[in-house]
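If you want the building blocks of each chain, they are given just below.
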Amino acid sequence: METVAGSGPEARAEGELVFSAVLAARGMDPSGLRPGDLRVEVIRGEDGAEMTTFSLRAGLLTPAEPG
């Protein structure tokens with residue numbers, strides 16, 4: 001999961017850039033994700049500040065079992 005401060009188009013663009021870099025570092029192509037693989041949410045902390053979170057479906061980062 002990655003989190004960036006704020007919400008709106010700028011926060012989403014920043015988060016997508018960071019998230020893509022994290023996936024690329026793991027050898028994954030972000031353009032190959034299906035709609036259900038990535039969840040983007042805006043949450044509000046106790047102090048009222050908004051954060052945009054990017055979550056990847058857990059099974060995508062788990063290595064496959066040997067066949």
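Whatever comes next refers back to the structure up there.
Residues numbered from 1 in each chain as written. Predicted model: local features only at pLDDT ≥ 70, side-chain atom pairs only at ≥ 80, totals over all residues. Heavy atoms only, no water.

1. A look at the pattern of salt bridges
For the structure on display, the rule yields 5 salt bridges. Taken together, the shared-partner salt bridges connect Arg34, Asp37 and Arg57 into one network. (Salt bridge = Lys/Arg side-chain N within 4 Å of Asp/Glu carboxyl O.)

2. A word on helix 1 (residues 9–25)
A rise of 1.5 Å per residue sets the reference length of helix 1, with its 17 residues, at 24 Å; its end C-alpha atoms lie 24 Å apart and thus fit the reference within 8%. Along helix 1, the residues classified as buried are Ala11, Gly15, Phe19 and Leu23. Within helix 1, the buried residues cover an arc of 95° as seen down the axis, which keeps them to one side. In helix 1, the exposed positions that point more than 90 degrees away from the buried face belong to Pro9, Glu10, Leu17 and Ala25. Contacts made by the buried residues of helix 1 are with strand 1 (2–5), strand 2 (38–44) and strand 3 (50–56). Note on helix 1: the residue one or two positions beyond its end, Gly27, has a positive phi of about 80°. (Helix = DSSP H or I, 4+ residues; strand = E, 2+ residues; numbered from the N terminus. Expected span 1.5 Å × (residues − 1). Buried < 20%, exposed > 50% of the residue type's maximum accessible area, 1.4 Å probe, protein only. Arc of directions from axis to C-beta. Contact = heavy atoms within 4.5 Å.)

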